[in-house]
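Residue-level listing of the chains:
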Amino acid sequence: QVQLVESGGGLVQPGGSLRLSCAASGSFFSIYDMGWYRQAPGKQRELVAKITSGGSTNYADSVKGRFTISRDNAKNTVYLQMNTVKPEDTAVYYCNTEVRLKWRDHRTLGYWGQGTQVTVSS
């Protein structure tokens, strides 16, 4: 019903930059919050950054000042600009969206992207 397609992952050197994209498609009324999560091997999935439909953002302390989350509502796309990356940023990154499916139904559902690997290594 709702599909999230991620792109932009790959191998990058420490101190480098990378931009992740996640585009939502399908049948829905609107998208509320959008966010990026990551999961490293042997670790739990954690929130990296989140952005509301109005543009308010919050970040994990570990990425604050280095990563920037943004969205293009016309394209139903959320981005994560990753600057000054560190080896500790290596993980599978997942986008997540809170979606309202119908205008007459106030409920929202969460959807996950397939994940994209980000590896920071020299």
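Quick note: structure is the one above.
S.K.: Go over the overall build of the protein chain, please, and point to the residues and values.
M.R.: Helix and strand counts for the protein chain come out as zero helices and 11 strands. What you see in the protein chain, going N to C, is helices and strands ordered as β-β-β-β-β-β-β-β-β-β-β. The C-alpha atoms of the protein chain give a radius of gyration of 14 Å, which matches the 14 Å a tight globule of 122 residues would have. The principal-axis extent of the C-alpha atoms belonging to the protein chain is close to 50 × 25 × 25 Å. Burial status across the protein chain gives 42% buried among its 122 residues. In the protein chain, once contacts between residues fewer than 6 apart in sequence are set aside, the share between residues at least 24 apart is 55%. Within the structure as shown, the protein chain displays about 6,600 Å² of accessible surface, and the carbon and sulfur contribution to it stands at 47%.

S.K.: Tell me about the nonpolar core, and name the residues and values.
M.R.: Counting residues in hydrophobic clusters, the biggest one holds 32 residues, and the most contacted among them are W36, L80, M82 and Y93. Of all the secondary-structure elements, those providing two or more residues to this core are β1 (2-7), β3 (18-26), β4 (30-39), β5 (46-51), β7 (67-72), β8 (77-82), β9 (91-100) and β11 (116-120). Every residue in contact with Y93, bar those within four places of it in the chain, is listed here: E6, L20, W36, Y37, R38, V48, F67, L80, M82, G115, T116 and V118.

S.K.: An account of unusual backbone geometry is requested, with residue identities and associated values reported.
M.R.: Its identity as a non-glycine residue notwithstanding, N76 has a phi of 50 degrees, on the positive side. Relative to the helices and strands, N76 is located in the loop between β7 and β8. For T84, which is not glycine, the phi torsion reads 45 degrees and is therefore positive. Along the chain, T84 turns up in the loop between β8 and β9.

S.K.: I'd like a description of the pairing of β7, backed by residues and values.
M.R.: Of the two faces of β7, the one lined by F67, I69 and R71 is fully buried and the one lined by T68, S70 and D72 carries no buried residue. Here β7 runs beside β8; their pairing, made up of six bridges, is antiparallel. Pairing of R71 across the sheet is with V78, part of β8. Linkage of β7 to β8, two consecutive antiparallel strands, is achieved through a turn of four residues, within which N76 is found at a positive phi near 50 degrees.

S.K.: Break down the side chain of N96 for me, citing the residues and quoting the values.
M.R.: Structurally, the position occupied by N96 is in strand β9. Exposure remark for N96: the relative accessible area of 15% places this residue in the buried category. Here the side chain of N96 touches Y111 through a polar contact of 3.1 Å, landing on its backbone oxygen. In this structure N96 touches L4, D33, M34, G35, Y37, G110, Y111 and W112, once residues within four positions along its chain are discounted.

S.K.: So, the sheet that holds β1: which residues are in play, and what are the values?
M.R.: Pairing is antiparallel in the open sheet, where four strands are placed in the order β1-β3-β8-β7. In the strand order of this sheet, the two ends are held by β1 and β7, each with one partner. The sheet shows a mean angle of 15 degrees between the axes of neighbouring strands, direction not considered. As judged from the six bridges shared by β1 and β3, these two strands associate in the antiparallel manner. Bridging from a neighbouring strand, E6 pairs with C22 of β3.

The rules behind the values
- Residues numbered from 1 in each chain as written.
- Predicted model: local features only at pLDDT ≥ 70, side-chain atom pairs only at ≥ 80, totals over all residues.
- Heavy atoms only, no water.
- Helix = DSSP H or I, 4+ residues; strand = E, 2+ residues; numbered from the N terminus.
- Rg over C-alpha atoms; globule rule 2.2 N^0.38 Å.
- Buried < 20%, exposed > 50% of the residue type's maximum accessible area, 1.4 Å probe, protein only.
- Contact = heavy atoms within 4.5 Å.
- Areas by Shrake-Rupley, 256 points an atom, 1.4 Å probe, with all protein chains shown as cover.
- Core = buried A, V, L, I, M, F, W, Y, C linked by side-chain atoms within 4.5 Å.
- Pairing = 2+ DSSP bridges.
- Polar contact = N/O pair within 3.5 Å; in protein donor to acceptor, adjacent residues only side chain to side chain.
- Axes fitted to C-alpha atoms, helices over the stretch in contact; angles between N-to-C directions.

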